[in-house]
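Coordinates in review
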Amino acid sequence: MLMKRNPQLNAHGELIHLLSIEGLPRAVLTHILDTAGTFLSVNDREVKKVPLLRGKSVFNLFFENSTRTRTTFEIAAKRLSADVINLDIAKSSASKGESLLDTIANLSAMHADMFVVRHSESGAPYLIAQHCAPHVHVVNAGDGRHAHPTQGLLDMYTIRHFKKDFTSLSVAIVGDIVHSRVARSDIHALTTLGVPDIRAVGPKTLVPGDLKHMGVRVCHSMEEGIRGADVIIMLRLQNERMSGAMLPSAGEFFKNYGLTDDKLALAKPDAIVMHPGPINRGVEIDSTVADGSHSVILPQVTFGIAVRMAVMSIIAGNDA
Amino acid sequence: MKILIKNGRVIDPVSGRDERADVAIAGGRILTIGVVSPDFQPNRVIDAAGCVVAPGLVDLAARLREPGHEHEGMLESELNAAAAGGVTSLVCPPDTDPALDEPGLVDMLKFRARKLSLCRLFPLGALTRGLAGETLTEMAELTESGCVGFSQAEVPVKDTLVLMRALQYAATFGYTVWLRPQDGWLGQGVAASGAVATRLGLSGVPVAAETIALQTIIELVRITGARVHLCRLSSAAGVALLRAAKAEGLALTADVSINSLHLTDVDIGFFNPAMRLTPPLRQGADRDALRAALADGTLDALCSDHTPVDADAKNLPFGEAEPGATGLELLLSLALKWGADSGLGLPATLARITSAPVAVLGDALGSLQSSAGRLVEGGVADVCVFDPEATWVVKPGVLKSQGKHTPFAFDATGTALPGAVRATVVAGNVAYTAAA
Amino acid sequence: MSTLTLDAEALYAELRSGVSALWRPGMALMGVWSGGAWLAERLVADLPALAEAGKPGVISSALHRDDFGARGLASGTDATKIPYAVDGAHILLLDDVLFTGRTTRAVINELFDFGRPASVTLAVLVDRGGRELPIQPAFAAAKVALPAEQKLALARDEAGRFTFSVRAPRG
């Protein structure tokens, strides 16, 4: 069967959409990280704006609510001098309403230049990228459990900032991996950037053996998964998992897989602790760890704005 | 109408005939195969030079979307699609709206199909009222109206007591129950469990959804002695269970769809909604097992699983897209492709879409059983004339069905399909001729 | 005019005299990345008057260029480093080649993101004409005419010696 070209790249191999980390060459990822470094210094200036996206309209299309992610995208777009329009299209179960493609067509008619899309269904941004006008760029802000590429990139930026060399690291990702788009993006980025040892840690209901196909070592024991790790990425545990018969309670999860000081002691002494946020204190992570010296959760947020500025400015500068 | 089909290569899988011969048709029946008397004055001559003259195809699963989903497929367009595909008899599942659980609905459907004279229609009646899996339908009444068996379509009966009773009741009268082996709870994902679903973040349907349901069905068949036709097997493990059950002598038959026969989960690519299908596309090893099983007869027949889907219902994110693909016009080509890949000759290949499906239907066909799926003098004149060497590309504009979505579309595959239908004859009437 | 007559080192010597004449105490030195920045570094090493003003600033045009839509994001986006206050500064801006004037326009926009300078004076190694904007240098070591498609750039070897490269456009 004919496999189409990766829709994120144009015929010259340049990034025109950011839909997922998988399929992107290492050089593309590194270029984004390098560019993000640039924008960090912009964020330290008095005038925190550059005119790269001036006159462009960026539409935040959030079919799934998220104030924090939407806000960071808005800040990033505004720092690039773009006009930002926020559309909260919460899905109502009572009526189907306008179809996804009709919504996109209407917005394109309003001269949108870029869509930042968050959707509860895996693959939605691909459908959008396929059907929008050629000059419009799409950034995936999270689709179902498939991908959250800007989070993956800012996580990589964070790791590179504190640890420098990817090729000698042990990285542990802990929690509800099977449902996590952040985990998938992190895993693809880590493997592409050459991290030799990636552990996926959690109970079998949340970390099935299947995951090994993505290039990770599945660990059902927290101790084994954390031991000697340089980087620990904790994932948020959602309440739905309790009702879906995957876990008995948050308390039992914390007992076995929560990150506490004594579990952290098993990792390398200079290990860093990351979390995409928002954190559930006492569920996946203890407060002393979240606020402790190993935690880089707050720098992640700062890096997130620079990374999003980098992504938007790179794709806006490439033609379809 | 008197028809003469000349110069063709006549292939009849049942008798083993495979030779150049002419075919004379009159009064809805085949008069002569071989040398036709010069006295025969045909109203219509079909020149089958370079073509195969085969029995009309029998498709065990094609949805016509009537009654109910008229915006998806009017009876006329879908039966025209059947004729264009060389299909002269088709079986339609009962998941119409309302479900085919009332004799009146079946009568109406058969009446309208007969008037169109494009293809013979054999409906499956609903096994339970409204397909709800609770109360039985009036199977005798429905059979009298023309149902050839009873089915739950894609809706599994979760209550095993109800399922057992339904099989017992059907067994009393010798009705065949058509069941798709899929566990109601395990089967709720949108893609087959495996590396692809994991990577794409799509909820998975494990093989266990099929094997657990199969084992339940097989056990109930043992107990009740019912005849069951298993619809759309999708996994190697499922095939293994079927093989063992058949070896035991249980009254089981099974089919596989053109989609599962040729595609795997990798073909989902970048969330292509044309690949959103039930059963979901599984892995390469499963496909290989299905192909081998169809060749050795463990899987009796190949069907199109024709399911026209509205553009609005397909152009959605993968998990929300309605499952299904158009298939009537692709059944012959995809059978030929599989046959060629498997090294089977034309007769063995054609058997899977002509005589074998007829054998599955068995005496539900009544008197038709003796000649449907066959080319025999004195038998019904259901014929498909096709050029095995021709190729064609699948494009929406070419398809007669209102369902334009198929994984085999040229845009996706970049390849042409083998085999082009030149003429289709149903009950001695020309239902379709290809444009010159 | 052939490129052989563009002796970068000789022109640098001219530039050194020209800058020396333009310099007033209290000025601040700034070089456009990357060629102008190299010139600034050499000048600070060669002219004691400039050395008193401290480390020169480096300024990049990358974030304010007007060809973003056609060429995408340029390199050098994080090259700007200004170790002094821009507000009220009298800036002597150095660049290697002045052509259309668009780079200078972008650099000035970048500079104004940092503050309001009291004045900006431009000194370049080579003015190759072809201006598309009203921008003039106070000093140019040489005026050269080149076909518009050719690209003239300054190069610096490990020993710090300057040369010019002339490139025809890629096919």
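First things first, this report covers the structure right here in the doc. Position numbers for residues start from 1 in each chain and track the written sequence from start to end. Going through the entries in the order they are written, you letter the chains from A and number the ligands from 1. Where totals are concerned, whole chains, interfaces and linings use all residues; where local detail is concerned, this predicted model gives features only for residues with pLDDT of at least 70, and gives and counts side-chain atom pairs only at 80 or more. Note that the side-chain values use all heavy atoms of the structure and ignore hydrogens as well as water.

So, the packing of aromatic side chains
The description of two aromatic rings rests on the distance between their centres and on the angle between their planes. Classification of ring pairs uses Phe, Tyr and Trp, with its six-membered ring standing for Trp, and accepts pairs whose centres are within 6.5 Å; under 30 degrees between planes counts as stacked, over 60 as edge-to-face, and the remaining range as tilted. Counted according to the given criterion, the structure contains nine aromatic pairs over all chains. Centroid distance Tyr 126 of chain A to Phe 270 of chain B: 5.8 Å. Interplanar angle 15°. Geometry classified as stacked. You can see Tyr 126 of chain A sitting in helix 4 (residues 124-131) and its partner Phe 270 of chain B sitting in the loop between helix 8 (258-262) and helix 9 (284-296), one on each of two chains. Taking the relative accessible area as the measure of exposure, Tyr 126 of chain A reaches 6% and is therefore buried. Here the aromatic cluster, defined as three or more aromatic residues joined through ring pairs, consists of Phe 150, Tyr 169, Phe 173 and Tyr 175 of chain B. By the criterion adopted, a ring carries a charge over it if an Arg CZ or a Lys NZ lies within 6 Å of its centre and within 35 degrees of its normal. A cation sits over an aromatic face here: Arg 42 of chain C above Tyr 12 of chain C, 4.4 Å from the ring centre. Starting at the N terminus, helices and strands are each numbered in turn, a helix being any DSSP run of H or I of at least four residues and a strand any DSSP run of E of at least two. Classification of residues uses two cut-offs on accessible area relative to the type maximum, computed with a 1.4 Å probe and protein chains only: under 20% is buried, over 50% is exposed, and between them is partly exposed.

Concerning the pairing of strand 1 (residues 57-62) of chain A
The side chains of a regular strand alternate, residue by residue, between the two faces of the sheet. Residues and elements named next belong to chain A. Most of strand 1 is tucked away, with six of its six residues classed as buried. Side chains Ser 57, Phe 59 and Leu 61 of strand 1 all project onto a buried face; the interleaved residues Val 58, Asn 60 and Phe 62 project onto the opposite face, where all are buried too. When DSSP locates at least two bridges between a pair of strands, those strands are taken to pair. Pairing of strand 1 with strand 2 (residues 83-88), which is carried by six bridges, proceeds in the parallel orientation. Along strand 2, the bridge assignment pairs Ser 57 with Asp 83. Considered for its hand, the β-α-β crossover made up of strand 1, helix 2 (residues 67-79) and strand 2 is right-handed. As defined by bridge partners, strand 1 adjoins strand 3 (residues 114-119) across five bridges and the pair is classed as parallel. The handedness rule is simple: strands pointing away from the viewer, and a clockwise path from the first strand over the helix to the second, make the crossover right-handed.

Structural notes on the sheet that holds strand 4 (residues 119-127) of chain C
Residues and elements named next belong to chain C. Strand order in the open sheet made by the five strands is 2-1-3-4-5, with parallel pairing throughout. Two strands in the sheet have a free side with no partner beyond their single neighbour: strand 2 (57-59) and strand 5 (139-143). Looking at each pair of strands side by side, their axes are set apart by 25° on average, direction ignored. Pairing analysis gives three bridges linking strand 1 (residues 27-32) to strand 2, with the strands arranged parallel. Considered in strand 2, the bridge of Met 30 is made with Gly 57. Whether two residues touch is decided by their heavy atoms; if any such pair falls within 4.5 Å, the residues are in contact. Note on geometry: axes are C-alpha line fits, over the in-contact stretch for helices, and angles between N-to-C directions span 0 to 180 degrees. Across the sheet, helix 1 (residues 8-22) touches strand 1, strand 3 (90-98), strand 4 and strand 5, and the angle it forms with strand 4 is around 160°. In this fold helix 5 (residues 102-112) packs onto strand 1, strand 2, strand 3 and strand 4, with an angle of close to 150° to the strand it touches most, strand 3.

Notes on the interface of chain A and chain C
Where interface size is quoted, it is often the accessible area lost as the parts come together. Facing 17 residues of chain A, the contacting portion of chain C comprises 14 residues. Defined here as a combined quantity, buried area equals the accessible surface (1.4 Å probe) lost by two parts on assembly, summed across both. Surface buried jointly by chain A and chain C totals about 1200 Å² across both partners, of which 61% is contributed by carbon and sulfur atoms. Of all residues in chain A, Thr 38, Arg 45 and Leu 52 of chain A give up the largest surface area on contact with chain C, accounting jointly for 45% of the area buried on that side. The working definition used for a salt bridge is a side-chain nitrogen of Lys or Arg within 4 Å of a carboxyl oxygen of Asp or Glu. Arg 45 of chain A serves as the salt-bridge partner of Glu 110 of chain C, at 2.7 Å between the closest nitrogen and oxygen. Definition of a polar contact: a pair of N or O atoms within 3.5 Å, with one able to donate and the other able to accept a hydrogen when the atoms are protein atoms, and with sequence-neighbouring residues admitted only if both atoms are side-chain atoms. Seen at the junction of chain A and chain C, the total is three residue pairs in polar contact (both at pLDDT 80 or more). Polar here means any residue other than Ala, Val, Leu, Ile, Met, Phe, Trp, Tyr, Cys and Pro, which are nonpolar, and Asp, Glu, Lys and Arg, which are charged; Gly is therefore polar. Among the residues making up the side of chain A that touches chain C, the classes are represented as nine nonpolar, five polar and three charged.

Overview of the layout of surface pockets
Residues and elements named next belong to chain C. As a volume, the largest pocket reaches approximately 1300 Å³. Throughout, the protein atoms alone are placed on a 1 Å grid, and a set of points is a cavity if a 1.4 Å probe fits but cannot get out or a pocket if it is open with protein on both sides within 12 Å along at least five of seven lines; lining residues have an atom within 4 Å of a point. Contributing to the lining of the largest pocket are 37 residues, with Arg 65, Arg 71, Thr 103, Lys 151 and Leu 152 lying nearest its centre. Elements that contribute at least two residues to the lining of the largest pocket include exactly helix 2 (35-46), strand 3, helix 5 and strand 6 (151-156). Considering only residue class, the lining of the largest pocket consists of 15 nonpolar, 10 polar and 12 charged. Grid points are joined across faces, edges and corners, and a volume is the space filled by probe spheres set on the points.

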